[in-house]
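# Breakdown of the fold
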Amino acid sequence: MKRLRNVKIVATLGPASNDYEMIRALFEAGADVFRLNMSHGEHEEIRERHRIIRKIEKDVDRPIAILADLQGPKLRCGKFANKAAELEDGQDFRFDLDKAPGENHRVRLPHPEIFAALKPGATLLVDDGKIELRVKECGEDYADCTVIVGGTISNRKGVNVPDVVLPLAALSKKDRKDLEFVCQLGVDWLALSFVQRPEDVIEARELAQGRAAILSKIEKPAAVTAFKEILEVSDGIMVARGDLGVELPVQNVPPIQKQLIRGCRAAGKPVIVATQMLESMIDSPVPTRAEVSDVATAIYEGTDAIMLSAESAAGRFPIEAVTTMNNVAIEVESDPIYRDVIEASRKLKRSTVADSIVAAAREIAETTDIKAICCFTQSGTTALLTARERPSVPIIALTPLTGTARRLCLSWGVNCYFSGDVDRFKLAVVSAARAARSSGLATEKDQIVVTAGVPFNVPGTTNILRVAPCEERLIFRSEQE
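Attention in this report is confined to the structure presented alongside it. Note that the structure is a prediction, hence the values are computed from the model and not measured. (Residues numbered from 1 in each chain as written. Predicted model: local features only at pLDDT ≥ 70, side-chain atom pairs only at ≥ 80, totals over all residues. Heavy atoms only, no water.)

Moving on to the environment of G150. Looking at the secondary structure, you find G150 in the loop between β9 (142-149) and β10 (151-154). Each C-alpha atom of the pair G150 and M281 lies 31 Å from the other, and the pair is 131 residues apart in sequence. Excluding residues within four positions of it along the chain, G150 makes contact with L87, D89, K130 and I131. (Helix = DSSP H or I, 4+ residues; strand = E, 2+ residues; numbered from the N terminus. Contact = heavy atoms within 4.5 Å.)

Laid out in structure tokens, this is it:
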């Protein structure tokens, strides 16, 4: 089964997508990566979903990536004596560490780390930004605020602190437990929430010990500010527009999305655009026109992947949501303007032999009758560099490593195949030709570009390029000549 698009689709699993039949239907509709949301579901539920995905992977004989999304610290206020309080614009309101039930003028905020970081003038947002307060005075156990935008505040509502870097680790006790569980289970990607600084990512990487790639969710202003440093220590990025749109003015989110996509592409690291992409399809079989335009915009910008959250996890129309994304992607990528936009944004600095090899592969493929670029890769680096070029022909990544093949399922345009171990370039070319033919991307009459690193099985040694026929007899004949 070959996809008719390059952008990848991430589908979140949940109560609406919890059995073999539905998850396989989502894969067949176009899902390339399945997201396990660790904020919901017990470990046994997660284990069963993982088992089903691996069963489908075996049945369809195609790598499938699994992304485990860690919850991150959740900052919430305490409970109220009357379950809620009504805050009016301009009134005074206090957050403190007092365990007494909340009233109209105060409530507990059981996070001393917040008080340690607050300063007068800082903003506090409650209930996804519906209520806004500004700090007048604060100490180690209280914050006296003025209500800027009032509303009903009720038990355990979330609190955001956009103005300061909080002295909180990105990994809570629950996250550490979940991380170890999913790494033992065998997921391919870990999405890290509440990232504020590169050290948060480094900590997660040390705990993962190479068992999964690390994807940093950019959802806080501090992460936007430190994006370059965070990207450097991450394997991929998620543009988490939900919390980002709460902690920043909503009009700031589209430019930030573009900047993050450009940054990831320049670094050759995959990026996912997420949150509310087809939100109305939770309850409707068709999306709004604005949602379709939002999905299309992310694709035009060159994102590696687009993501469904509640639409596929808890919505009434999960298959229709994936199908809609798939159809939008096919339509956008067939638009000549799409290629114009992608090529105009190809502003890359090439400083290594590998950079030059993949750039040459794209140039050759796009100026001659080449059907695919086939790259042998151990760590995935060659395939990522090739995807960074956004060629107009398909990319076939061949690797002997199951983990590498699965992780590459998140990358733009990469079709992953297991190659088995090869120790000579001629055998690599033969394997590439067979993969191109079996995938339906080429016939015996066609030619492909093959890139690899010699010696084989050494990461980061991409140093050879060959234009080769897909007919094996001609491959061996050229070797003899």
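Turning our attention to the pattern of salt bridges. Using the criterion set out here, one finds 39 salt bridges in the structure. D96 serves as the salt-bridge partner of R106, at 2.9 Å between the closest nitrogen and oxygen. Pair noted here: R106 is in strand β6 (residues 106-108) and D96 is in strand β5 (residues 92-96), with a separation of 10 residues, a long-range link. Overall, the relative accessible area of 7% leaves D96 in the buried class. Between R362 and E389 there is a salt bridge whose closest N-O contact spans 2.7 Å. Residue R362 is located in helix α14 (residues 353-367), and its partner E389 is located in the loop between α15 (381-388) and β18 (395-399); the two are separated by 27 residues in the primary sequence. Taking relative accessible area as the criterion, R362 reaches 6% and is therefore assigned buried. (Salt bridge = Lys/Arg side-chain N within 4 Å of Asp/Glu carboxyl O. Buried < 20%, exposed > 50% of the residue type's maximum accessible area, 1.4 Å probe, protein only.)

Let's shift gears to the nonpolar core. Judged by nonpolar contacts, the single largest core of 94 residues is most densely connected at F34, L190, I272, I299 and I306. Of all the elements, helix α12 (residues 318-333) adds the most residues to this core, at 6 residues. Residues A143, V147, V159 and L168 belong to the second largest nonpolar core, which totals 29 residues. (Core = buried A, V, L, I, M, F, W, Y, C linked by side-chain atoms within 4.5 Å.)

With that settled, the discussion passes to the packing of helix α1 (residues 20-29) against helix α2 (residues 43-60). α2 packs onto α1 with a crossing angle of 55° between their chain directions and a minimal axis gap of 10 Å. Of the possible angle classes, the one that applies to α1 and α2 is oblique. Between α1 and α2 the crossing geometry is right-handed. Contact residues: α1 offers Y20, I23, R24 and F27, while α2 offers I52, I53, K55, I56, D59 and V60. Split by residue class, the contact of α1 with α2 holds 7 nonpolar, no polar and 3 charged. (Axes fitted to C-alpha atoms, helices over the stretch in contact; angles between N-to-C directions. Parallel < 35°, antiparallel > 145°, perpendicular 65-115°, else oblique. Left-handed = near helix turned anticlockwise from the far one by under 90°. Nonpolar A, V, L, I, M, F, W, Y, C, P; charged D, E, K, R; others polar.)

Looking now at the sheet that holds strand β17 (residues 370-376). Read across the open sheet, the 5 strands follow the order β19-β18-β17-β20-β21; overall the sheet is mixed. The sheet terminates laterally at β19 (414-418) and β21 (462-469), the two strands that pair on one side only. Within this sheet the neighbouring strands show an average axis-to-axis angle of 25°, counted without direction. Both strand β20 (residues 447-453) and β21 contribute to a ladder of 7 bridges, which runs antiparallel. Residue pairing for β21: T451 is matched across the bridge by L465. Seen against the sheet, α15 touches β17, β18, β19, β20 and β21 and runs at an angle of roughly 145° to β17. On the sheet, helix α17 (residues 425-438) packs against β17, β18, β19, β20 and β21 and is oriented at approximately 135° with respect to β20. (Pairing = 2+ DSSP bridges.)

Turning next to the side chain of N415. Examined against the element boundaries, N415 turns out to sit in strand β19. Take N415: its relative accessible area is 15%, and that puts it in the buried class. In terms of polar contacts, N415 uses its side chain to reach the backbone carbonyl oxygen of G413, at 3.5 Å. Excluding anything up to four places from it in sequence, N415 contacts P394, I395, I396, A397 and L441. (Polar contact = N/O pair within 3.5 Å; in protein donor to acceptor, adjacent residues only side chain to side chain.)

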